[in-house]
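# Observations on chain architecture
Next come the chains, spelled out residue by residue.
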Amino acid sequence: MEKESATFAKTSVGAAAVTRLTLTVFRLNGLLLHWGDRLVEPLGLTSARWQVLGAIALAGVPLTAPRIGEAMGVTRQGAQKQLNVLAEQGLVEARPNPAHRRSPHYILTPQGLALYRQAEALWAVQAADLAKLIPSSLASAATRTLESMLHQLQTVNVFSEIES
């Protein structure tokens, strides 16, 4: 931690706070993915496949691989990889997309929807347990902060700034 403190000392208070937030999100993301893998493993899923099923289920309309990737925060290729596996398992089905021949819409099959609902039931128990430990006011404040950061990063084309 001494090295981390030395690095933060060279930046503004705001930049140090955003850096700590970012590092915490990175650590939390890794932990949530590992934890999610263990949660849905009995269902034959991984966190990534659970996320794809969820993106489709929560959208309420068929989605293309790029839209699923956007909803999950991954690349189109990452979403497509999971879609291919889920399609092989009979959990999602590709449907023609009149707007783009090479980018089909994906829907959940009845088996996919049933599996997603099972995963959500497992999650509901865990969410209730976590809610006992984290006050809703803190969870709401964290959500607002992360949504603000997400919006700012999407608004400012981060990649063009990094490349210049």
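Residues numbered from 1 in each chain as written. Predicted model: local features only at pLDDT ≥ 70, side-chain atom pairs only at ≥ 80, totals over all residues. Heavy atoms only, no water.

### Regarding the overall build of the chain
- The helix and strand inventory of the chain stands at eight helices and two strands.
- Within the chain, buried positions represent 23% of all 164 residues. (Helix = DSSP H or I, 4+ residues; strand = E, 2+ residues; numbered from the N terminus. Buried < 20%, exposed > 50% of the residue type's maximum accessible area, 1.4 Å probe, protein only.)

### Observations regarding the pattern of salt bridges
- Inspection of the entire model under this criterion finds three salt bridges.
- Between Arg-95 and Glu-93 there is a salt bridge, with the nearest N and O atoms lying 2.8 Å from each other.
- Taking relative accessible area as the criterion, Arg-95 reaches 40% and is therefore assigned partly exposed.
- In this structure, Asp-129 engages Lys-132 in a salt bridge whose closest nitrogen and oxygen atoms are separated by 3.8 Å. (Salt bridge = Lys/Arg side-chain N within 4 Å of Asp/Glu carboxyl O.)

### Examining the packing of helix H2 (residues 13–40) against helix H6 (residues 110–133)
- Running from amino to carboxyl end, H2 crosses H6 at an angle of 120°, the nearest separation of the two axes being 10 Å. Classified by the angle between their axes, H2 and H6 sit oblique to one another. Once H2 is placed against H6, the crossing between them reads as right-handed. Contacts from Trp-35, Leu-39 and Val-40 in H2 reach Ala-119, Leu-122, Trp-123 and Gln-126 in H6. (Axes fitted to C-alpha atoms, helices over the stretch in contact; angles between N-to-C directions. Parallel < 35°, antiparallel > 145°, perpendicular 65-115°, else oblique. Left-handed = near helix turned anticlockwise from the far one by under 90°. Contact = heavy atoms within 4.5 Å.)

### Observations concerning the nonpolar core
- Counting residues in hydrophobic clusters, the biggest one holds 22 residues, and the most contacted among them are Leu-45, Leu-53, Ile-56, Ile-68, Leu-83 and Val-92.
- At the level of elements, H2, helix H3 (47–59), helix H4 (65–72), helix H5 (76–88), strand E2 (105–108) and H6 are the ones that each hand at least two residues to this core.
- Element by element, the count of residues in this core is highest for H3, at five residues.
- Beyond its immediate chain neighbours, meaning those up to four positions away, Val-92 contacts Leu-53, Ile-56, Leu-83, Leu-86, Ala-87, Tyr-106, Ile-107, Leu-108 and Thr-109. (Core = buried A, V, L, I, M, F, W, Y, C linked by side-chain atoms within 4.5 Å.)

### Here we look at the packing of H2 against H3
- Direction vectors running N to C along H2 and H3 enclose 85°, while the axes themselves pass 8 Å from each other. Comparing the axis directions of H2 and H3 gives the class roughly perpendicular. Here Leu-32, Leu-33, Gly-36, Asp-37, Leu-39 and Val-40 of H2 lie close against H3, whose contacting residues are Ser-47, Trp-50 and Gln-51.
- Each residue belonging to the contact of H2 with H3 can be placed in one class, and the counts come to five nonpolar, three polar and one charged. (Nonpolar A, V, L, I, M, F, W, Y, C, P; charged D, E, K, R; others polar.)

### A closer look at the side chain of Ser-47
- With respect to the secondary-structure elements, Ser-47 resides in helix H3.
- Setting aside residues up to four positions removed in sequence, Ser-47 forms contacts with Leu-32, Leu-33, Gly-36, Asp-37 and Val-40.

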